[in-house]
Amino acid sequence: MPDIFKILSSHRSVRKYKDKPIPDDLLDKILTSARQAPTSSNLQAYSIIVIKDKENKKTLAHLCGDQPWVESCPVFLAICPDLYRLQKVCELRNYKSNDKYMEMFIVAVVDTALVAQNIAVAAEASGLGVCMIGGIRNNPDQVCELLRLPQKVFPLVGMCLGWPDQDPMIKPRLIKNAIIHNEYYDDKNFEKLIAEYDEIIKNTGLYDGPRRKVPSPDGREIPDDDYSWSEHTSRRMASQDPTTLRTHMKKFLLDRGFGLE
Ligand SMILES: Cc1cc2nc3c(=O)[nH]c(=O)nc-3n(C[C@H](O)[C@H](O)[C@H](O)COP(=O)(O)O)c2cc1C
């Protein structure tokens, strides 16, 4: 019996893969077991597109914001909330799917996220490395066209799967008490906990390289003194960059037939 606690706490995203295929029966086992994820009202409001074709992966790597690991992984998954299949089921039974509310969108997104994480855990338990790809929402119209997604289906997250050819650091997560609250929400130690975490992250050297550059209000670059998780994260959250913000998403979803009412 694999040690699930060890598997979960050893997760790190892998972005370099061996040039070695994933056997079909292993992939099938991962996807079949992952689909046993809990799902709201057993609706199973998602679809998964398995992509192995080199050209398709190359195009996707570009559409995902030029992420080379999307091309080099042996298997790339596009994991998609799907209200189209449910609409067709209703039609089959002579009903009209009342799926125009934001709540149904949330249901489909949660189902999709749960199955995605199950796939990641099953893959990692099998010795594979994974990297989830939110970049699949950078150019969602083109991705939908490439993957021939019908209306009411959209790529929420991609996932690279492959045999690891690197051993990246396990990134420490926030201090437990910054996230877990007993009985009620309590952030009285917030500053202390964030400072502690900043210190831990600083010592890993995680953000020594990829520091986000942001101009200060008067146009100067903000110096990198005291750069750690809170600075990195604040710069991410304060970003005005339309690619980072994916400002196209609301219009894209409405155009794809999601009601969001
Ligand atoms: C929904 C989601 C989208 C992500 N998108 C990308 C992505 O487009 N490219 C990438 O390289 N990593 C992506 N990641 C990986 C995160 O950067 C990574 O999980 C995070 O930095 C924590 O690092 P770790 O997974 O190594 O612990 C994504 C992760 C999630 C959960």
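All of these numbers come straight from a predicted model, not from anything done at the bench. (Residues numbered from 1 in each chain as written. Predicted model: local features only at pLDDT ≥ 70, side-chain atom pairs only at ≥ 80, totals over all residues.)

Some thoughts on the overall build of the protein
- Per the secondary structure count, the protein includes twelve helices and four strands.
- The C-alpha radius of gyration computed for the protein amounts to 20 Å, which stays within 12% of the reference 18 Å derived for 261 residues, consistent with globular compactness.
- With respect to the three principal axes, the spread of C-alpha positions in the protein is 60 × 45 × 45 Å.
- Each of the 261 residues in the protein was classed as buried or not, and the buried ones make up 26%. (Helix = DSSP H or I, 4+ residues; strand = E, 2+ residues; numbered from the N terminus. Rg over C-alpha atoms; globule rule 2.2 N^0.38 Å. Buried ≥ 20, exposed ≤ 12 C-beta atoms within 10 Å, placed from the backbone.)

Details of the site of the ligand
- Around the ligand, the surrounding shell consists of His11, Arg12, Ser13, Arg15, Gln67, Cys131, Met132, Ile133, Gly134, Gly135, Val157 and Lys171.
- Looking at the shell around the ligand, the element that brings in the most residues is strand S3 (residues 129-133), giving three residues. (Near = placed C-beta within 6 Å.)

Let's talk about the pairing of strand S4 (residues 157-162)
- With respect to burial, S4 is a largely interior element, six of its six residues being buried.
- A two-sided burial pattern is seen for S4, the buried positions comprising Val157, Met159 and Leu161 on one face and Gly158, Cys160 and Gly162 on the other.
- Pairing geometry for strand S2 (residues 75-81) and S4, over five bridges, is antiparallel. Bridge pairing links Leu77 to Met159 in S4.
- With five bridges connecting them, S3 and S4 associate as antiparallel partners. (Pairing = 2+ DSSP bridges.)

A short note on the domain arrangement of the protein
- The domains assigned to the protein are domain 1 (4-168) and domain 2 (176-241).
- Distance from the C-alpha centre of domain 1 to the C-alpha centre of domain 2: 29 Å. (Domains from an automatic or database assignment.)

Details of the environment of Arg173
- Within the secondary structure layout, Arg173 lies in the loop between S4 and helix H8 (176-179).
- By C-beta crowding, Arg173 is classed as exposed, having 11 other C-beta atoms within 10 Å.

A word on the nonpolar core
- Grouped together as the largest cluster of nonpolar side chains are 48 residues, with contacts concentrated most on Val70, Ile79, Ile119, Val130, Met159, Cys160 and Leu161.
- Counting only elements with at least two residues in this core, the list comes to helix H2 (24-34), helix H3 (54-63), helix H4 (68-72), S2, helix H6 (102-125), S3, helix H7 (140-146) and S4.
- Those residues within four positions of Cys160 in sequence are excluded, and the remaining contacts are Trp69, Val70, Cys73, Phe76, Val130, Cys131 and Ile133. (Core = buried A, V, L, I, M, F, W, Y, C linked by C-beta atoms within 7 Å. Contact = placed C-beta atoms within 7 Å.)

Overview of H6
- With 24 residues, H6 should reach 34 Å at 1.5 Å per residue; the first-to-last C-alpha distance of 35 Å fits that figure.
- Backbone geometry just after H6 places Gly127 at a positive phi near 95°. (Expected span 1.5 Å × (residues − 1).)

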